[in-house]
Amino acid sequence: MTSPAPVVLVFLDTAFPEGRTADASKPQLLVTDQGATRGDGIFETMLATGGTVRKIQAHLDRLAGSAEALDLEIPSGEAWRRAIAAALGGHRSQHPPADASGEELVVKLVVTRGVEGASSPTAWVQVSAAGTLARHQRETGLDVILLDRGYDSDVAERAPWLLLGAKTLSYAVNMAALRHARKQGADDVIFISSDGRVLEGPTSTVLLAHVETSDDGTAVKRLITPQLDSGILPGTSQGALFTAAKAAGWELGYGPLEPQDLLDADAVWLISSVRLLAPVNHIDGKAIGTPSLQKELTAELNGLFSGIQ
Ligand code: PLP
């Protein structure tokens, strides 16, 4: 077993406007914190490259949206930005990187409903080095299995208390799906709704591409993702990549998608903030797209995505 990367921890605390640095190797939460007892809280996971958090405003906006869905009052965007800066600064001074420009750090924002009986949330930022698995999967791609999510694709609107579009701390189901995939020899999962629609990965958004040749011989490239209102988390990576791809001349589409659409695609990816764009090589054992076209499209989209800050 490799030991986990050291974590730098900064709590958001009204008595400390720049954030309160704490020792992540020591106990810091009360056992009655509702994040621990009920998974009642929300989070964001972001990537910092070269010391800068990518898509920070999109993550803060999604955190605010999740907070609204849970009726949770959370610190302001400015307070988060100050705590993030303190945590990144702390990491840089405690663990100076050999190559600052190539350094990838995971920046996690967490807010819980706080201690039982208290009226204020518990909120913190933690920073650690990104693991090697994400980088490896980006480079080699993934074997994925399709798993039943157990909900239909209309449930988010019908039953908002299920909090399907919010990034809550209750990720035990998502982690169980990943363990299930690994026991089957796969790397990851694409969830399917009970009415047969493609949803998302347990920690990622699904993308697929089609390339067609138009009548005048030019290539028309289409980038497609499942409908955002089908009970999935709106991905900040998908949103940013769609904006960049549109500016580069790609056509965009938003589901509904069925499993056959994945099998018929020229390329499929799972995209998320830390792993970035990971090509899907096989779904339920079936090869996806053509390797050369997949490679070419992955390189083009990676080029577009790397320009986003
Ligand atoms: N869908 C789920 C369920 C996720 O947990 C995540 C990220 O963790 C995503 C999609 C991708 O979101 P983002 O691109 O903002 O990281």
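Our subject is the structure listed above.
Residue numbers here run from 1 along each chain, matching the order of that chain's written sequence. It should be noted that, the model being predicted, local features are given only for residues of pLDDT at least 70 and side-chain atom pairs only at 80 or more, the latter also being counted only at that level, while totals for whole chains, interfaces and linings use all residues. Note that the side-chain values use all heavy atoms of the structure and ignore hydrogens as well as water.

Remarks on the pattern of salt bridges
Salt bridges, as used here, are contacts in which a Lys or Arg side-chain nitrogen is within 4 Å of a carboxyl oxygen on Asp or Glu. Inspection of the entire model under this criterion finds ten salt bridges. In this structure, Asp 13 engages Arg 20 in a salt bridge whose closest nitrogen and oxygen atoms are separated by 2.8 Å. Each residue gets one of three labels from its accessible area relative to the maximum for its type: buried under 20%, exposed over 50%, partly exposed in between, using a 1.4 Å probe on protein chains only. Note on Arg 20: relative accessible area 27%, which makes it partly exposed. In this structure, the salt-bridge partner of Glu 300 is Lys 221, at a minimum N-O distance of 2.9 Å. Here the residue Glu 300 occupies a position in helix 9 (residues 291-306), and Lys 221 occupies one in strand 10 (residues 219-225), the gap between them amounting to 79 residues. Classification of Lys 221 as partly exposed rests on a relative accessible area of 23%. Shared partners join several salt bridges into a network, and the residues in it are Glu 104, Arg 135 and Arg 138. Counting from the N terminus, the helices are DSSP H or I runs at least four residues long and the strands are E runs at least two residues long.

Comments concerning the site of the ligand
Residues are labelled near a given molecule or strand when at least one of their non-hydrogen atoms is within 4 Å of it. Residues in contact with the ligand amount to 16 residues; listed here are only the nearest, Lys 167, Tyr 171, Thr 236, Ser 237 and Ser 273. Between N or O atoms, a polar contact is any pair within 3.5 Å; within protein, one atom must be a potential hydrogen donor and the other a potential acceptor, and residues adjacent in sequence are included only when both atoms are from side chains. Between the ligand and the protein, one listed contact pairs an oxygen atom with a side-chain N or O atom of Tyr 171 at 2.5 Å. Thr 236 is positioned with one of its side-chain polar atoms (N or O) 2.6 Å from an oxygen atom of the ligand. Coverage of the ligand by the protein amounts to 94% of the 390 Å² it exposes when considered alone. Its residues assigned to classes, the shell around the ligand shows four nonpolar, nine polar and three charged. In short, Shrake-Rupley with a 1.4 Å probe defines the accessible areas, and a residue's cover is counted only from the protein chains shown. Note on residue categories: nonpolar means Ala, Val, Leu, Ile, Met, Phe, Trp, Tyr, Cys or Pro, charged means Asp, Glu, Lys or Arg, and polar means any other residue, Gly included.

As for the sheet that holds strand 1 (residues 8-13)
For two strands to pair, DSSP has to find at least two bridges joining them. Taking strand neighbours across the sheet as the criterion, the six strands line up as 2-1-6-5-3-4 in an open arrangement whose pairing is antiparallel. Only two strands of the sheet have a single neighbouring strand rather than two, namely strand 2 (16-22) and strand 4 (52-53). With four bridges connecting them, strand 1 and strand 2 associate as antiparallel partners. Paired with Phe 11 across the two strands is Arg 20, which belongs to strand 2.

Regarding the side chain of Asn 174
With respect to the helices and strands, the residue Asn 174 is situated in helix 6 (residues 172-183). Its relative accessible area of 9% is what places Asn 174 among the buried residues. Looking at Asn 174, its side chain comes within polar contact range of the main-chain oxygen of Pro 202, at 2.8 Å.

Here's the deal with the nonpolar core
As a rule of thumb, soluble globular proteins bury nonpolar side chains together. Membership of the largest hydrophobic core comes to 26 residues, with the highest contact counts inside it found for Val 53, Trp 80, Ile 84, Leu 88, Val 107, Leu 109 and Val 125. Mapped onto this core, the elements with two or more residues apiece are strand 1, strand 3 (41-49), helix 2 (56-69), helix 3 (77-94), strand 5 (104-112) and strand 6 (122-129). With six residues, the single largest contributor to this core is helix 3. Whether two residues are in contact is decided by their heavy atoms, any of which lying within 4.5 Å being enough. Setting aside chain neighbours within four positions, we find Leu 109 in contact with Ile 42, Phe 43, Glu 44, Met 46, Leu 60, Leu 63, Trp 80, Ile 84, Trp 124 and Val 125. Val 106, Leu 241, Phe 242 and Phe 305 belong to the second-largest nonpolar core, a separate cluster that totals 24 residues. Residues belong to a common nonpolar core when they are buried Ala, Val, Leu, Ile, Met, Phe, Trp, Tyr or Cys residues joined through side-chain atoms within 4.5 Å.

Side note on the packing of aromatic side chains
For Phe, Tyr and Trp, rings pair up if their centres lie within 6.5 Å, where Trp contributes its six-membered ring, and each pair is then called stacked (planes under 30 degrees apart), edge-to-face (over 60) or tilted (otherwise). Applying the stated criterion across every chain yields a total of three aromatic pairs. Relative to Trp 124, the ring of Phe 11 lies with its centre 5.9 Å away and its plane at 55°, an arrangement referred to as tilted. Of this pair, Phe 11 sits in strand 1 while Trp 124 sits in strand 6, and the two are 113 residues apart along the sequence. The buried category is assigned to Trp 124, whose relative accessible area is 10%. For the ring pair Phe 43 and Tyr 171, a centre distance of 5.0 Å and an interplane angle of 80° mean the geometry is edge-to-face. Here Tyr 171 lies in the loop between helix 5 (155-158) and helix 6 and Phe 43 lies in strand 3, a separation of 128 residues in the sequence. Geometrically, a charge over a ring is one whose NZ (Lys) or CZ (Arg) sits within 6 Å of the ring centre while staying within 35 degrees of the ring normal. Lying across the ring of Phe 305, Arg 54 places its NZ or CZ 4.9 Å from the centre. In this arrangement the basic side chain of Arg 149 is found over the ring face of Phe 191, its NZ or CZ atom lying 5.1 Å from the centre.

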